[in-house]
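Descriptive structure summary
Each chain, letter by letter, is given below.
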Amino acid sequence: MTSARKAILIIDGQEPIEFPIMEPVHGNDCIDIRTLGGKTGLFTYDSGFLSTASCSSNITFIDGDKGELLYRGYPIEQLAEKCEFLDVAYLLKHGELPNAEQKTEFVNIIKTHTMIHEQMARFYQGFRRDAHPMAVMLGVVGALSAFYHEAGDFSDEVHRSISFNRIVAKLPTIVAMAYKYSMGEPFMYPRNDLPYTANFMHMMFGTPCERYEPNPVLVHALDTIFTLHADHEQNASTSTVRLAGSSGANPYACISAGIGCLWGPAHGGANEACLKMLEEIGDVSRVPEYIKRAKDKNDPFRLMGFGHRVYKNFDPRAKLMQKICADVLQELGLENDRLFKLARELERIALEDEYFVDRKLYPNVDYYSGIVQKAIGIPNTMFTCIFALARTVGWMAQWEEMVMDPEHKIGRPRQLYVGTPRRDVPPVEAR
């Protein structure tokens, strides 16, 4: 990975110091500054890690300028079109897509882990009914570490695989139970005769009163959402999982930490914020007013669901979700629903308006996924839980890659201290 090329650093006219330049398969070359502190006594300052690679990884790659997202080298568009979510889960874990035999075996293994311990089911009763489902999910997922102690043995490949399979299987059950608890409805146990995403919808929307039959169009839409959110390079929540895992923490505790980070409105809560924005606008007739406000830098209003920190072009996931969104609205006969008509009009104007086009503020995946989930019947408060369910696959793959990396160390970012200089404590009468 390290090339013969060098970066030369000259400080205050002193002798030049060389640092190797590392060349990746895709993406920007990186200057290896691991020895900078020892050689110079200096650190680098990079708030938000905008120009710093915190690790090497072979799982996911994003080219923001091209609008490209690859899982293990495969374009997200091809995976979403040709694969199911569990195919993608297997790919992220093992590095290759499963063949027919491997897929059958993997699906069967996942089905053996779908139920949660009955003692864990009682945990839900300790939360208030109006608690945010992410708060419930965070607590219950973290509690998995109290039930499965062998997960702490990272050196054992079998234990790592069991932990991966277990959490991928149980997340739909945990998320659905959080929803049912908030609604005051009885929990629905998994039906292992159903595929992964259809089973999740059964646990979400089914009742003991009658047999639930998942709609294939809606199942495909939600399965696609899972695939599009499975991993996204070293974002805030993935970095959180890696940082927690670098201390040797139980993997379920690390995933719980990731859930806590994902909960933030600047991260996983973006699609929930998008729906709130649409509710605030209220009607198609008010779209021009809010478009005008969005252009006014002195107005606090911002269009949620447009633009992306990483993608300087169209979010490739958004293109896929745009079609899924149209299919779902047509299937449910919601093309003329007030909120969805509003969303489509806002999308149309933003895609044509010179202000947004010049700034490449295209609708992102959060814009469409929020609309799709709303149409399916998933409430706003559950959107981030759905995101976390899908992203757990990537988190576990990233966690395993990190703990198995012989170069990994406990995370310890440096800082630029700008506080009060050293001083002595005065006696109390002099304060």
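Look up: the structure comes first, before these words.
Residues numbered from 1 in each chain as written. Predicted model: local features only at pLDDT ≥ 70, side-chain atom pairs only at ≥ 80, totals over all residues. Heavy atoms only, no water.

Right, let's talk about a nonpolar patch on the surface for a bit. Where nonpolar side chains cluster on the molecular surface, the patch consists of Y45, L416 and V418 and spans about 390 Å² of accessible area. Summarising the element assignment, L416 is placed in the segment after α18 (383-404). (Patch = residues over 30% accessible without salt bridge, like charges linked within 9 Å, V, L, I, M, F, W, Y side chains within 5 Å. Areas by Shrake-Rupley, 256 points an atom, 1.4 Å probe, with all protein chains shown as cover. Salt bridge = Lys/Arg side-chain N within 4 Å of Asp/Glu carboxyl O. Helix = DSSP H or I, 4+ residues; strand = E, 2+ residues; numbered from the N terminus.)

So, about the pattern of salt bridges. Side chains that differ in sign of charge can pair as their charged atoms come close. Within this structure, the stated rule accounts for 24 salt bridges. We note a salt bridge from D87 to K103, for which the minimum N-O separation is 3.2 Å. Of the two residues, D87 is situated in helix α3 (residues 85-94) and K103 in helix α4 (residues 100-111); the sequence distance between them amounts to 16 residues. Taking relative accessible area as the criterion, D87 reaches 8% and is therefore assigned buried. A salt bridge links R422 to D424, with the shortest nitrogen-to-oxygen separation between them at 3.5 Å. Residue classification places R422 among the exposed residues on the basis of a relative accessible area of 78%. (Buried < 20%, exposed > 50% of the residue type's maximum accessible area, 1.4 Å probe, protein only.)

Turning to helix α13 (residues 287-295), a few remarks are in order. Of the residues making up α13, those classed as buried are V287, Y290, I291 and A294. End-on, the buried residues of α13 take up no more than an arc of 105°, which puts them together on one face. Exposed residues lying more than 90 degrees from the buried face of α13 are P288 and K292. The inward-facing, buried residues of α13 abut α12 (270-281), α15 (338-352) and α16 (354-358). (Arc of directions from axis to C-beta. Contact = heavy atoms within 4.5 Å.)

Ranked by internal contacts, the top residues of the largest apolar core, which has 119 residues, are M137, L278, L346 and Y367. In terms of residues, this core owes the most to one element, α18, which gives 14 residues. If we skip the residues at most four places from it in the chain, M137 touches L171, I174, V175, I259, C385, A388 and L389. (Core = buried A, V, L, I, M, F, W, Y, C linked by side-chain atoms within 4.5 Å.)

If you trace the backbone, R72 turns up in the loop between β5 (68-71) and β6 (74-75). Spatially, the C-alpha atoms of R72 and A121 are 36 Å apart, while their sequence positions differ by 49 residues. In contact with R72, other than residues within four places in its own chain, are N58, I59, L91, L92, K93 and G95. At a separation of 2.7 Å, a polar atom in the side chain of R72 contacts the side chain of N58. At a separation of 3.4 Å, a polar atom in the side chain of R72 contacts the main-chain carbonyl oxygen of L91. (Polar contact = N/O pair within 3.5 Å; in protein donor to acceptor, adjacent residues only side chain to side chain.)

One way to see where empty space is left: roll a probe the size of a water molecule over the atoms. Each pocket or cavity is described by its volume, and for the second largest pocket that value is around 330 Å³. Forming the boundary of the second largest pocket are 19 residues, of which E84, F85, P195, T197 and D223 lie nearest the centre. Those elements that place two or more of their residues in the lining of the second largest pocket are α2 (76-82), α3, α4, α8 (196-205) and α9 (216-228). In terms of residue class, the lining of the second largest pocket is made up of ten nonpolar, three polar and six charged. (1 Å grid on protein atoms, 1.4 Å probe; cavity = no way out; pocket = protein on both sides within 12 Å on 5 of 7 lines; lining within 4 Å. Points joined across faces, edges and corners; volume = space filled by probe spheres on them. Nonpolar A, V, L, I, M, F, W, Y, C, P; charged D, E, K, R; others polar.)

The two faces of strand β4 (residues 60-63) match: T60 and I62 on one face and F61 and D63 on the other face are all buried. Sheet topology places β4 next to β5; four bridges connect them, and they run antiparallel. From the neighbouring strand, I62 faces β5, where its bridge partner is L69. Connecting the antiparallel pair β4 and β5 is a turn made up of four residues, with G67 showing a positive phi of about 70°. (Pairing = 2+ DSSP bridges.)

Counting through the fold element by element, L320 comes out in helix α14 (residues 316-332). Considering only alpha carbons, one finds L320 and Y368, 48 residues apart in sequence, at a separation of 9.3 Å. When residues no more than four places from it in sequence are discounted, the contact partners of L320 are I76, E77, A80 and L228.

Another aspect to go through is the sheet that holds β5. Strand pairing within a sheet occurs via backbone hydrogen bonds; the two strands may be parallel or antiparallel. Strand order in the open sheet formed by three strands is β4-β5-β6, and the pairing between neighbours is antiparallel. The sheet terminates laterally at β4 and β6, the two strands that pair on one side only. Relative to β6, β5 is paired through two bridges, and the arrangement is antiparallel. Bridging from a neighbouring strand, L70 pairs with P75 of β6.

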